[in-house]
Amino acid sequence: MSDRNEGQTYYEILEVKPTAGPADIYAAYQRARSTYSPSSPALYSMFTPEEAQALMALIEEAYQTLSHQARRREYDVKIGLGKAPGAKPTSAYRPEPASREEAKPGRTPVGSVKTDAWVGPVKVSTRKHEDLPSGFARTKFTVYEVKSDIENEIENVAECDGQFLQKIRLYRGVTLDQMSDEIRVIKSTLVALEANDLDALPVAVFTRGFVVQFARALGLDERKISDAYMKFFRAKKT
Amino acid sequence: MPLSSANSNVTQVDFTSLRGRVAPGATIIAVGGGKGGVGKSFVSSSISIFLAHLGYETLAIDLDLGGANLHTNLGVSLNTRGINEFILDPSLSLGELAQPTHWPKLKLISGASEVFDIANIDEVQRSRVMSSIYNYKTDFIVLDLSAGTHTSTLDFFLMASHKVVVFTPEPSSIENAYRFLKASFFRKLRRYEHQLQLKEQIDELLGNRGAHGIRNPADLIRVLVEREPVLGLKLKNILTDLNFEIILNQARTRQEIDMGGALQSVCNKYFGFPCGFLGGLEYDNAVWQSLRQRNHLLMSNRQSHLYGQLLSIARKIAKTQSLKAVV
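Residues numbered from 1 in each chain as written. Chains lettered and ligands numbered in written order. Predicted model: local features only at pLDDT ≥ 70, side-chain atom pairs only at ≥ 80, totals over all residues.

1. A short note on the overall build of chain A
Here is step 1: When its secondary structure is counted, chain A shows 10 helices and two strands.
Here is step 2: Across chain A, every contact between residues at least 6 apart in sequence was considered, and the portion connecting residues at least 24 apart equals 60%. (Helix = DSSP H or I, 4+ residues; strand = E, 2+ residues; numbered from the N terminus. Contact = placed C-beta atoms within 7 Å.)

Following this line, the structure appears as structure tokens:
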């Protein structure tokens, strides 16, 4: 990371609000790309081609992070977004005069944002990511002890059933109630999902959606888990 | 750096501090932009007309001393007395010179006259003009500035709460407008660095740009804040108040209109404070055609796309005023 973006978050680099959704971020990225491309007339006499190139690299870096949900979430925690209200922002944010705070998109002070709309209600503890003892990790809800055998199992999963989902959930220390609140799926459906009660589950497309949400809430690779589960689901259903 | 405040005389210092303390009598909008012929007079006349249209008492002042043509843009006949007489005769007040226009709520102080060395006014005259404008009571005052980066142009620009800069999509205009913004930035920086006793620091930083990794104003302020958190932040807040607002004029294609956002982004990154984009204006032959008939476009050609584009710009400006009025 070059020193140029000191004090600037990825949101400020892309000039979007910290609450911006994926579509806004993509649009901002496209705008920024055309603004700082070597042929852009807007740069003339302000930035040298080398400086523009450095900015472009930063923009790419910002987009790589913000366009990826898991990475963005992690980054938000790192810069002090998505923390409990009252927690001190950890980013290099410096207060702007009050009158400008709302007027300018992309410069919204990072620390004043209490919730990040696309992540949903935030329930992260105020402790920092980095000060966890080694061998521990966290979900949105709690801290859990990393067990390498289960992590390996998750890593190499090809097909899994509801019990496996339950096993990961318990291993990550998330209760059914928390999960139900978080992904907005009623508890009975989650129970049915984990108990392999396929008759109580909706059609494949919805069930897949639930599993995606379920995996995402646990900070897992949603694609891998949902694919693995759907293999099981389809095999059983037919 | 030629922009030194070391030789500022007593009068100027007095007025500057006065301007800092007293609230202005109106919302001042200055329209500048480096290069000539980019449409500063057209933009400022249009903004004034629309503000008057929206129901605000508006005063348009032609401060393009020596190159005045705001009255032509407004389709008003040349008055015998204007800002030049005001400068030369200390007994006159701005109110006496304001002449009516085709729009009931819009008044004009023109800049044209037969006095030919008026473009070079001294600091005392400049201060008097500035404080009169500052204390004039109305809703909006629109200042039409001259091209170039003359100190009086910069001072008129900096006194406004809306610092509008007009770009056209050509490299020469972009370069000059950027230069104008840079000059304004440094003029303001030089004015406050003394007050905040940061002059030595800033001179040292600017002298060793390479060593400190300073490539633009944003870097300068960032390094300064790291060194002097309290005063640096104070200065940063003062400079953030610059808040340039961009208008892109004479856009011929969709891509050129989109350039407005790009200019804004470049300014944000270069200066390190948020700049605004008021809107893009399409190129329209009707502008010079109506000018040739000594008419304003908004009187003779309401079908033009410009009508809506200018209205939206005026509304954006008026919105900030009505917000202030509530408080």
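Structure shown, so let's carry the discussion forward.
2. A short note on the sheet that holds strand S2 (residues 58-62) of chain B
Residue and element names in this part refer to chain B.
Here is step 1: Taken together, the eight strands give an open sheet; going across it, the order is S3-S4-S2-S5-S1-S6-S7-S8, and neighbouring strands pair in mixed fashion. Each edge of the open sheet is held by one strand with a lone partner, namely strand S3 (99-100) and strand S8 (276-282).
Here is step 2: Alignment of strand S1 (residues 27-32) against strand S6 (residues 162-167), held across four bridges, turns out to be parallel. Across the sheet, Ile29 pairs through a bridge with His162, a residue of S6. (Pairing = 2+ DSSP bridges.)

3. Focus: helix H4 (residues 69-79) of chain A
All names here are of chain A.
Here is step 1: The set of residues buried in H4 consists of Arg72, Asp76 and Val77. Buried positions in H4, seen along its axis, are confined to an arc of 140° and lie on one side of it. Facing away from the buried surface of H4 by more than 90 degrees, the exposed residues are Ala70 and Arg71.
Here is step 2: Those residues of H4 hidden inside the fold are in contact with helix H3 (49-66).
Here is step 3: Backbone geometry just after H4 places Gly80 at a positive phi near 95°. (Buried ≥ 20, exposed ≤ 12 C-beta atoms within 10 Å, placed from the backbone. Arc of directions from axis to C-beta.)

4. Focus on the confidence of the model for chain A
As a note on interpretation, predicted positions should not be read in detail where pLDDT is low.
Here is step 1: Here chain A averages 78 in pLDDT, and 76% of its residues register 70 or above.
Here is step 2: Considering only residues more than four positions removed or in separate chains, one finds that residues 84-129 of chain A, a stretch of pLDDT under 50, has 78 contacts. (pLDDT = per-residue confidence, 0-100.)

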